[in-house]
Amino acid sequence: QTVFNTSSWVPPTHTISVAQANWCSELEKESSGRMKCNALPKAVAAPPGTFDAIRDGLADISFTVDGYTPGRFINTQVAEFPFLGDSSVATSVAYQRIYSKYFAPLGEHRGVKVLGVFTHGPGIIFNTKKPVTSAADAASLKFRIGGGNINELSKAMGWNTTLKPAPESFELLSTGVMDGTFFPDESVASFKLSMIRHATTFPGGLYNTSFVFMMNPGKYDALSAEDKAVVDKISGERVARVFGEGWDKVDAVSRDTVQKAQGVQRVQASESFINEVKAKQAALEDRWAAAAEAKGLKNAKAVLAEFRAEIAKLK
Amino acid sequence: MIEAFLGFLAVFTMAFMRIPLAVAMTISGFVGMGLMRGWSPAMASTSQVIFETGFHYVLSVIPLFVLMGNFVAKAGLARELFTAANAFVGHRRGGLAMASIIASGGFGSICGSSIATAATMSRVAYPQMRAHGYKDTLATGSIASGGTLGILIPPSTILVVYGIITETDIGKLFIAGILPGVVAIVCLCMAVVFVTWRDPLAGPPAERFNWTQRLKAIRGIWGVAVLFALVIGGIYGGVFTATEGAGVGAAGAFFFALFRGALTPRVLMDVLVESTRTTAMLFAILIAAMVFTNFVNFTTMPGDLRDFVLQFSPHPIMVVVVMMGIYLALGMVMEELAIVLLTIPVFFPIITGLGFDPVWFGILIVTIVEIGMISPPVGLNLFVLNSLLPDVKLSAIYKGVIPFVMADIVRLGILIAVPSIALWLPSLMGR
Amino acid sequence: MQKTLDRLLYWSTGLMASMALFAIMWLTLIDVSGRKFLSNSVPGALEITEILMVIVIFGALPLVSWRNEHVTFDSFDAFIPDWLKNIQARLVDLLCGAVFAFLGYLMVTRGDRFQEYGDTTAYLLLPVAPVAYLMAALLFLTAATHFVRAFLKRPPGHGPAYIDGSVS
Ligand code: NA
Ligand code: NA
């Protein structure tokens, strides 16, 4: 019997941990109990170190955010762009397809066995102060943000943002140090951001995040051919679906119960607001295409277009 | 469980061979990890822990609170606190020890670190107690235990760490620490009363102050009040986070020391270097504790502890009591931050699942850490005193601290029995 | 010679560490005031703080090791004869030197890894590898102080470590 040690840097109740556990029970079932997981009580590394932790075999299976190690992954930044989609399943599955077709051969994730990639739900502007419907409204508030494309985008928009780790959101918002944060719906519930009053949504989200679900390659290579086939069978799109469905579910719960209960007012960004973001994002996409092509991706713009078309097809 | 036990045993054996604790924990954790997971994962894990702990924004509270404490000490605020407390209780039996505890509480309100508080008070209070014929056991016991008030009374490094890993409101945690801090001062003073009742020669009375002198002494502590208001008010009022509060507090203390003329360039340099040395010493232990923790993470110990605790879930309060028992036992043999890092991910979900308040549990955890820091044989505050007072034997420090450990355990019982001591003030915040 | 070495460490890595700590203090103050009064915080303050933290911790480490300030048990001291204590102290220094040198080597491998992937910080896009190499260099220096101590007639900080004690 093979036991995989799984590590998770979010609490065991968080949807990613749950999805990881669900994937593990699928693994156990499909292999008739020959393979199973052992969830470690504490993460083996902080989020940025998780990729290396899997590569080096500290744990056998885990997930990470590609943007947590800036400079390392370029192709995967497409999954951080605005206006991708409103459902995590659709963007995740589409992303997985594009990933297998174009990104995987380029080997940015070399050193680990990629089981699948996925994204979260649409990124939203949350704040404690006032309804934000225009870029000017947003410019009058102080926001906590994470890294990645949204960091570049908000710089370009001239917003007053500060890069802080997600778990600090509660403290920053509850004390009023910051007025808001950019998050998917789920995080308002999971980080207990009960002080949030306003949400500004964008069709397809203002930003997203690229996640990778991975296994230690040595552990994979040591499996029997039969077991390898089981792992392969539930890799790729299966992973994208398990994590994406889980995310959509908690997004909905947060939106429909938690946020309703605390009285969060949802507004949609105005047409002009959206166009302004689009204009600034266009430059970032050019920059990304150049960087990705330098890393060996052919026809980056076409890949991006195919990614968008694939998402549209799925929803 | 057996692997973890052997790991502890190895740390102890090496530590008793006079190998520095940090090195002993690193070796034991590394070898344990290597045997359980292979040598190359062990090497990767160790280097990752070193990098992540060193390159860590939130942990900047530690050097900054230490720096703040050292500036405050140079500004003479600790002496003024001690003089003020002494003016009221010094003439009693054991009065200087009580004054030291009360002054530690006051100093704790502007210093986030237990070690810095103990170190500072030992410089101020120990010479006075010695001059008045106090026994070393009572003198060091009161200073070591009083020092732990530094992490209970806000600001507090441990509460910041707890708040971060459990995502609990740090502002609420800070406010929650105030009343338990007062209870702690009372309990520790009762321990002094008990010790001097058993042995009147341990702490003979000092001179009595008249009311004019007392009023004069109490006026001297306005500086402490200003700094406390700056740091806690700033965190409370949403001007800065608790992490940033440490930097602002250090800067405030710097200006205080500067305006009091206590800082020449040379003194400034000494304060800074001293703070970095304390920081390096603490981080050496912290990193080693994390290396060791990563090893224990792969043993069955956390799971065994959880299963053991969960047996008691039909009686939720028993779960808490059993957990505290485990912590007391671990606290004797382990470095406290390591305990918190290792057990909170396992215990915290159980506690909140049973419907207990995370702020209240945070205060219990700090209390446990406080006890751990003074419970022999592995107690950081005891080591600090031992190194600051070379002519006091470690065995005397061990012996002297026992009544105070007992008083702390009584206090822990009170906090478990009456949660509102911790929760009343935060409930007024109405967030 | 010992005094010279102490001075050297104090005024090189010690100075570096203390200036880094002082800088974190000012950086936080400026960042907070900027955000409060000018609605603008210092760009990348978090990352600069993290790099400075590395300098504070690892910069002060050689001095701590040189002065024998690591937390150490001494409960059994009374039972050990002086000649044995002397040998024991040297053996412990050799062991510490070996451990710190090994940790330094580990940080070189970590730096190589960062180099391989081209890791940077999130906002200022500063390369991370040099930070790991800096840790390694300072750990090697720490190891060296232990090795020197092992061969000194009377190494500094004999007996229990002193945490206080100003220099010179
Ligand atoms: Na404090
Ligand atoms: Na202890």
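Residues numbered from 1 in each chain as written. Chains lettered and ligands numbered in written order. Predicted model: local features only at pLDDT ≥ 70, side-chain atom pairs only at ≥ 80, totals over all residues. Heavy atoms only, no water.

Visitor: I'm lost on the interface of chain B and chain A in this one. Help?
Guide: How large an interface is tends to be reported as the accessible area lost when its parts come together. Taken together, the contact between chain B and chain A spans 33 residues of the former and 29 residues of the latter. Here chain B and chain A share an interface that buries about 2400 Å² over both sides, 52% of which is from carbon and sulfur atoms. Looking only at chain B, the three residues that lose the most surface to chain A are Gln48(B), Glu167(B) and Asn297(B), adding up to 25% of its buried area. Counting across the interface, chain B meets chain A through 1 salt bridge. Inspection of the region where chain B meets chain A yields 5 residue pairs in polar contact (both at pLDDT 80 or more). When residues of the side of chain B that touches chain A are traced back to their parent elements, those giving at least two are helix H2 (21–37), helix H3 (39–54), helix H15 (242–259), helix H16 (265–298) and helix H19 (336–353) of chain B. Considered class by class, the residues forming the side of chain B that touches chain A number 16 nonpolar, 11 polar and 6 charged. (Contact = heavy atoms within 4.5 Å. Buried area = accessible area lost by both parts, 1.4 Å probe. Salt bridge = Lys/Arg side-chain N within 4 Å of Asp/Glu carboxyl O. Polar contact = N/O pair within 3.5 Å; in protein donor to acceptor, adjacent residues only side chain to side chain. Helix = DSSP H or I, 4+ residues; strand = E, 2+ residues; numbered from the N terminus. Nonpolar A, V, L, I, M, F, W, Y, C, P; charged D, E, K, R; others polar.)

Visitor: Looking at this model, I keep getting lost on the pattern of salt bridges. Mind explaining?
Guide: Pairing between side chains of opposite charge can happen when the charged atoms of each approach one another. Going through the model one piece at a time under the given rule, you end up with 39 salt bridges over all chains. A salt bridge links Arg238(A) to Glu26(A); its shortest N-O distance comes to 2.7 Å. With a gap of 212 residues between them, Arg238(A) in helix H10 (residues 237–261) and Glu26(A) in helix H1 (residues 15–30) connect regions that are remote in the sequence. Among the residues examined, Arg238(A) registers a relative accessible area of 32% and is labelled partly exposed. Between Glu30(A) and Lys233(A) there is a salt bridge, and its shortest N-O distance comes to 2.7 Å. Highlighted residues: Glu30(A) in helix H1 and Lys233(A) in helix H9 (residues 225–233), separated in sequence by 203 residues. Given the relative accessible area of 33%, Glu30(A) is considered partly exposed. It is possible to trace a salt-bridge network through shared partners that takes in Asp52(A), Asp56(A), Arg72(A), Arg110(C), Arg113(C) and Asp119(C). (Buried < 20%, exposed > 50% of the residue type's maximum accessible area, 1.4 Å probe, protein only.)

Visitor: Looking at this structure, how should I read the packing of aromatic side chains?
Guide: Each aromatic ring pair is characterised by the separation of its centres together with the angle its planes make. All names here are of chain C. Applying the stated rule across the entire model yields 40 aromatic pairs over all chains. Here tyrosine 10 and tryptophan 11 contribute two aromatic rings whose centre-to-centre distance is 5.1 Å and whose plane-to-plane angle is 80°, an arrangement assigned as edge-to-face. A relative accessible area of 2% means that tyrosine 10 is categorised as buried. On the basis of relative accessibility, which here comes to 40%, the residue tryptophan 11 falls in the partly exposed class. Summarising the aromatic geometry, the rings of phenylalanine 22 and tryptophan 26 are spaced 5.8 Å apart at their centres and angled 75° between planes, so their arrangement reads as edge-to-face. Highlighted residues: phenylalanine 22 and tryptophan 26, both in helix H1 (residues 2–37), separated by 4 residues, approximately one helical turn. (Phe/Tyr/Trp six-rings, centres within 6.5 Å; stacked < 30°, edge-to-face > 60°.)

Visitor: Teacher, can you tell me more about the environment of Arg287(A) here?
Guide: Here Arg287(A) lies in helix H11 (residues 271–294). Within the local environment of Arg287(A), its side chain forms a polar contact with the side chain of Glu152(A), the two groups lying 2.9 Å apart.

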